[in-house]
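Spelled out, the chains give:
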Amino acid sequence: MSKPRAAAKHLAPSAGTRLTTAIAAAATFGAGAYFYAAPVRTTSAESIAPAKPLVIAEVQLVAFGYECTANDPPNCSNNPTPLPLLSAAYNVSLRPMFGDGGWLIGNGLNAAADCTGDACNGGDGGLLMGSGGNGANGGRGGNAGFFFGNGGMGGAGVDATYDPVTNKVVTLATAGGRGGNAGLWGEGGKGGVGGADENYGDTDDPDALGGDGGAGGRGGGLFGHAGDGGGGGHALSWYGTAWGGIGGDGGAATVGNGGKGGSGGMAESQAEVDGTWAIGGDGGAGGGTGIGKGGDGGVGGTGDASTFDGSIANALGGKGGSGGGVGFLGTGDGGAGGLDGDAYS
């Protein structure tokens, strides 16, 4: 049975006469002007359920570096440089001016399926126009060119891996990549689905943790719908607790619809010990918009716990994501909140 859900809150739509004002403001601020940011989603598990483990990804912060993408040559470096513009100009000189991978007009290249690291990010579109390339293996989608173009899709997260002999975890499931941002006119890319974690081992680490979905990309600075968030990854544990991945938040739009929040990942626990849980992932929040419809919140993931020997197992469905609102300059409807996930035990 679904848990009670609070009604989604959003700002009342403004008068239709503000459309001209909103578009003029967007033109003034350019591609960086977004009247409404996606609502901040807070995740709080029930007090009786175990807290989801915190997974911290290592992120390299470069003050003046260049971020390599799929468009770059194999010898591209992320090392810091005091002259980032010169570094970017050097990279441009190795790319064609037009066509796929073109630095002026052209679509960004898709990341290769066997990529690793920064090479999994989709290439950005040309400076003037062009859509971003798709990411792979959890890489982000490429951003579109300045005037026209859609953001690339974020890559699906990588599934967890286990040692075939010891059944111990080797690598954790990773999050899906965020969708790329659109240009002044275009649609944001969809976030990638989180990686799955299926843990069948009776070890000292029997739990399973699905990867989170990637956030949707922003819609066009003047017009265009935002990207939807990616769904949370599935989690299954035979001897411990399983947490489904959290759905990615929908992207924000200026004039257009906000992105839908990704659904929470399903969790399954078939443990043979008391006190284990199956906890569905929370749905992502819908993206907001200045003029249009706010994105619907994602549906919470299902929690499904079962045992074979009469042990006590517990299940908890994920919380539905909040609906995206409409900015004070906009007209339209706020998004509906997502339904809470079901629980079976």
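Criteria and cut-off values
- Residues numbered from 1 in each chain as written.
- Predicted model: local features only at pLDDT ≥ 70, side-chain atom pairs only at ≥ 80, totals over all residues.
- Heavy atoms only, no water.
- Helix = DSSP H or I, 4+ residues; strand = E, 2+ residues; numbered from the N terminus.
- Buried < 20%, exposed > 50% of the residue type's maximum accessible area, 1.4 Å probe, protein only.
- Contact = heavy atoms within 4.5 Å.
- Areas by Shrake-Rupley, 256 points an atom, 1.4 Å probe, with all protein chains shown as cover.
- Phe/Tyr/Trp six-rings, centres within 6.5 Å; stacked < 30°, edge-to-face > 60°.
- Pairing = 2+ DSSP bridges.
- Polar contact = N/O pair within 3.5 Å; in protein donor to acceptor, adjacent residues only side chain to side chain.
- Disulfide = S-S within 2.5 Å.

Student: How do you make sense of the overall build of the chain when you look at a structure like this?
Tutor: For the chain, the count of helices and strands is two helices and 13 strands. Taken across its 345 residues, the chain has 48% of its residues classed as buried. Long-range contacts, defined as pairs at least 24 residues apart, comprise 65% of the intrachain contacts of the chain with a sequence gap of at least 6. Counting only carbon and sulfur atoms, one obtains 60% of the accessible surface of the chain, whose full area is about 16100 Å².

Student: Help me out: how do you make sense of the packing of aromatic side chains in this one?
Tutor: Aromatic ring pairs are reported here in terms of the distance separating the ring centres and the angle at which the planes meet. In total, this model carries three aromatic pairs according to the counting rule given. Each ring, one from Y200 and one from W238, has its centre 5.0 Å from the other, and the planes form 85°; the classification is edge-to-face. With Y200 in the loop between β3 (197-199) and β4 (208-209) and W238 in the loop between β5 (235-237) and β6 (242-243), this residue pair connects regions lying 38 residues apart in the sequence. Residue Y200 is classed as partly exposed on the basis of its relative accessible area of 41%.

Student: Looking at this model, I keep getting lost on the sheet that holds strand β9 (residues 276-279). Mind explaining?
Tutor: Backbone-to-backbone hydrogen bonds pair the strands of a sheet. The strands run either parallel or antiparallel. A sheet is described by the order of its strands in space; here four strands give the open sequence β4-β6-β9-β12, paired in parallel fashion. Each edge of the open sheet carries a strand with a single partner, namely β4 and β12 (313-316). Pairing between β4 and β6: two bridges, direction parallel. Within β6, the residue paired with A208 across the bridge is A242.

Student: So what exactly am I meant to see when it comes to the side chain of S269 here?
Tutor: Assignment of secondary structure puts S269 in strand β8 (residues 267-269). The exposure class of S269 is buried, given its relative accessible area of 0%. Looking at S269, its side chain comes within polar contact range of the main-chain oxygen of G240, at 2.7 Å. Leave out the neighbours within four places in its chain, and S269 touches S237, G240, T276, W277, A278, D304, A305 and S306.

Student: Please explain the state of the cysteines as it appears in this structure.
Tutor: For the structure shown, the criterion picks out one disulfide. Between C115 and C120 runs a disulfide, and the two sulfur atoms are separated by 2.2 Å. Disulfide C115-C120: torsion about the S-S bond near 115°, hence right-handed. When sorted by exposure, C115 lands in the same class as C120, which is buried.

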